[in-house]
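Listed below, chain by chain, are the residues.
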Amino acid sequence: MDTESVLAALGALSQSTRLEIFRLLVRHEPDGLPAGDVARRLELPQNTISVHLATLKRAGLLTSQRHSRLIIYRACLSRLQDLMSFLVKDCCAGSPELCASVITNLSACCPGKETQS
């Protein structure tokens, strides 16, 4: 990612409603959610949700796909990975032990199949 696209992503996420929307859609991967479900789950008015979804989509953080009359929104996890990598790229300055807690925290959010019940 370049600095401009990182700033666009961070700018889109810097508003509380958009951050909540993005986190909700991350939790609903890989299926995503229709815009109406996003609005209902977050108790947002239908007429404002589209503005937030469009902002996140322009920043490359969401994708959308039409299914009949519904538009399904999904978090773009590859973009999230690129953003996280950009932010921590130079964190350890050649000393991996400095980044150990960051890596541990990121790894803990997605336990492997062998650690799940």
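See above for the structure.
The present account deals with the structure reproduced in this document. Note that the coordinates shown come from a computational prediction; the quantities given were computed from them, not determined experimentally.

1. Focus on the pairing of strand 2 (residues 62-67)
In the case of a regular strand, side chains alternate between the two sheet surfaces. Sheet topology note: the strand 2/strand 3 (residues 70-75) ladder contains 6 bridges and is antiparallel. The partner of Gln65 across the bridge, within strand 3, is Ile72. As consecutive antiparallel partners, strand 2 and strand 3 are separated by 2 residues, and within that stretch Ser68 has a phi angle of approximately 60°, a positive value.

2. Side note on the nonpolar core
With 22 residues, the main nonpolar core has Ile21, Leu25, Val38, Leu53, Leu56, Leu61 and Leu62 as its most contacted residues. Mapped onto this core, the elements with two or more residues apiece are helix 1 (3-13), helix 2 (16-27), helix 3 (35-41), helix 4 (46-58) and strand 3. What Leu62 contacts, discounting residues up to four positions off in sequence, is Phe22, Leu25, Leu53, Leu56, Lys57, Tyr73, Arg74, Ala75 and Cys76.

3. Observations concerning the packing of helix 2 against helix 4
Between helix 2 and helix 4, the shortest axis-to-axis distance is 10 Å and the interhelical angle comes to 75°. On the basis of the axis angle, helix 2 is roughly perpendicular to helix 4. Only Ile49, His52, Leu53, Thr55 and Leu56 of helix 4 make contact with helix 2, whose side of the interface consists of Thr17, Arg18, Ile21, Phe22 and Leu25. Across the contact of helix 2 with helix 4, the residue classes tally to 6 nonpolar, 3 polar and 1 charged.

4. Remarks on the pattern of salt bridges
If you walk through the whole model with that rule in mind, you get 2 salt bridges. As a salt-bridge pair, Arg74 and Glu29 come within 2.5 Å of each other at their nearest N and O atoms. Linking Arg74 in strand 3 with Glu29 in the loop between helix 2 and strand 1 (33-34), this pair joins segments that are 45 residues apart in sequence. Taking the relative accessible area as the measure of exposure, Arg74 reaches 31% and is therefore partly exposed. Where Arg40 meets Asp37, a salt bridge forms, and the shortest distance between an N and an O atom there is 2.4 Å. With Arg40 and Asp37 both in helix 3 and 3 residues apart, the pair spans about one turn of that helix.

5. Some words on the sheet that holds strand 3
Spatially, 1-3-2 is the arrangement adopted by the 3 strands of the open sheet, whose pairing is antiparallel. Both outer strands of the open sheet, strand 1 and strand 2, are each paired with one neighbouring strand and no more. Where strand 1 meets strand 3, 2 bridges bridge the pair, whose relative direction is antiparallel. Of the residues in strand 3, the one forming a bridge with Leu33 is Tyr73.

6. Considering the packing of helix 1 against helix 5 (residues 77-88)
Packing of helix 1 against helix 5 leaves a shortest axis separation of 11 Å and a crossing angle of 110°. Comparing their axes, helix 5 and helix 1 come out roughly perpendicular. Crossing handedness for the pair helix 1 and helix 5: left-handed. Of helix 5, the residues touching helix 1 (which contributes Thr3, Ser5, Val6, Ala9, Leu10 and Leu13) are Arg79, Leu83, Phe86 and Leu87. Partitioned by chemical class, the residues of the contact of helix 1 with helix 5 number 7 nonpolar, 2 polar and 1 charged.

7. Focus: unusual backbone geometry
Residue Pro30 is bonded to the preceding Glu29 through a cis peptide linkage, with omega at 10°. Mapped onto the elements of the fold, Pro30 is located in the loop between helix 2 and strand 1. Phi is positive for Ser68, close to 60°, though the residue is something other than glycine. Here Ser68 shows up in the loop between strand 2 and strand 3.

Procedures and definitions
- Residues numbered from 1 in each chain as written.
- Predicted model: local features only at pLDDT ≥ 70, side-chain atom pairs only at ≥ 80, totals over all residues.
- Heavy atoms only, no water.
- Pairing = 2+ DSSP bridges.
- Helix = DSSP H or I, 4+ residues; strand = E, 2+ residues; numbered from the N terminus.
- Core = buried A, V, L, I, M, F, W, Y, C linked by side-chain atoms within 4.5 Å.
- Buried < 20%, exposed > 50% of the residue type's maximum accessible area, 1.4 Å probe, protein only.
- Contact = heavy atoms within 4.5 Å.
- Axes fitted to C-alpha atoms, helices over the stretch in contact; angles between N-to-C directions.
- Parallel < 35°, antiparallel > 145°, perpendicular 65-115°, else oblique.
- Nonpolar A, V, L, I, M, F, W, Y, C, P; charged D, E, K, R; others polar.
- Salt bridge = Lys/Arg side-chain N within 4 Å of Asp/Glu carboxyl O.
- Left-handed = near helix turned anticlockwise from the far one by under 90°.

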